[in-house]
Amino acid sequence: MKELLVATGNRGKLKELEELLSGVVERVRSLADFPEIGAAVEDGATFEANAIKKARHAAQASGLPAIADDSGLVVDVLDGRPGVFSARFAGEGAGDGANNARLLTELAAVQKEQRGAAFCCAIAFCLPGGECRTFSGEVRGTILSTPAGEGGFGYDPLFLVPEYGKTMAELPLTVKNRISHRGRAFALLKEYLATYRG
């Protein structure tokens, strides 16, 4: 594929995706290249709905195929919350510390064996004509009662990956990228783009 627009203004995420998509996409662009395109409103009820809204908006406004992702934490005992509100669980503009504190407060009376959760990611690939295809990834784990690890961000220090006996924040980046919800979803996208003939 010649050009692909990533519906993000985040330079760090763009660099990560350029590496991930090397070999299948010749040129990766970002919203920073199209300042006239405003951000899409993320008011979908699911990760998939939000990813589609962002990617479709970017593709139609730029005339280029576009991708966007949406992801978050789904906690079983909280009926799937924080879900699409993961980044603002403690309120608009809340940081990681406040979001983690709220999660721990809500789970304070919940036993260790009932703290099952999953990190979920949905990626949408949309064409300027409006057609979209989605890819999803998930990693299961358990929410700890105290954070562990210095790496990662968001809920990573509280999310224990049982197979490794470590939190996402303790895992080496190479392992995290391979097993993470985002890593799994992007592996499926890359596989698709490698055979895409649009």
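The model shown is predicted, which means the values in this text are computed figures rather than measured ones.

## Quick look at the UniProt feature "active site" (unreviewed entry) in the chain
Thinking step 1. Cross-referencing UniProt, the feature "active site" (unreviewed entry) maps to Asp70 in the present numbering.
Thinking step 2. When you line up the elements, aspartate 70 lands in strand E3 (residues 66-75).
Thinking step 3. Taking relative accessible area as the criterion, aspartate 70 reaches 9% and is therefore assigned buried.
Thinking step 4. For aspartate 70, the residues in contact, after removing those within four places along its chain, are Glu42, Thr46, Phe47, Asn50, Ala51, Lys54, Val84, Cys120, Cys121 and Ala122.
Thinking step 5. At 3.2 Å, the side chain of aspartate 70 and the side chain of asparagine 50 are in polar contact.

## Some points on the sheet that holds strand E2 (residues 27-30)
Thinking step 1. Strand order in the open sheet formed by seven strands is E2-E1-E3-E4-E5-E6-E7, with mixed pairing between adjacent strands. This sheet does not close on itself; its edge strands, each paired only once, are E2 and strand E7 (166-167).
Thinking step 2. Sheet strands in contact with helix H2 (residues 47-62) are strand E1 (3-6), E3, strand E4 (116-126) and strand E5 (132-143), and its direction is about 165° off that of E3.

## Focus: the side chain of serine 86
Thinking step 1. As for its position among the elements, serine 86 is in the loop between E3 and helix H3 (96-106).
Thinking step 2. On the accessibility criterion, serine 86 (6% relative accessible area) is buried.
Thinking step 3. Discounting residues that sit within four places of it in the chain, serine 86 has contacts with Gly72, Leu73, Asn99 and Tyr155.

## As for the pattern of salt bridges
Thinking step 1. Under the definition given, this model contains 13 salt bridges.
Thinking step 2. Salt-bridge contacts for aspartate 43 lead to lysine 53; the nearest nitrogen and oxygen are separated by 2.5 Å. Of this pair, aspartate 43 sits in the loop between E2 and H2 while lysine 53 sits in helix H2; the two residues are 10 residues apart in sequence, bridging distant segments of the chain.
Thinking step 3. Lysine 53 gets classed as partly exposed once you look at its relative accessible area, which sits at 33%.
Thinking step 4. Between lysine 54 and aspartate 70 there is a salt bridge; the shortest N-O distance is 3.9 Å. Here lysine 54, found in helix H2, pairs with aspartate 70, found in strand E3; they are 16 residues apart in sequence, far enough to count as distant.
Thinking step 5. One salt-bridge network, held together by shared partners, links Glu3, Arg27, Arg29 and Asp33.

Definitions and limits used
Residues numbered from 1 in each chain as written. Predicted model: local features only at pLDDT ≥ 70, side-chain atom pairs only at ≥ 80, totals over all residues. Heavy atoms only, no water. UniProt positions renumbered as here; feature names shortened; annotations may be inferred. Helix = DSSP H or I, 4+ residues; strand = E, 2+ residues; numbered from the N terminus. Buried < 20%, exposed > 50% of the residue type's maximum accessible area, 1.4 Å probe, protein only. Contact = heavy atoms within 4.5 Å. Polar contact = N/O pair within 3.5 Å; in protein donor to acceptor, adjacent residues only side chain to side chain. Pairing = 2+ DSSP bridges. Axes fitted to C-alpha atoms, helices over the stretch in contact; angles between N-to-C directions. Salt bridge = Lys/Arg side-chain N within 4 Å of Asp/Glu carboxyl O.

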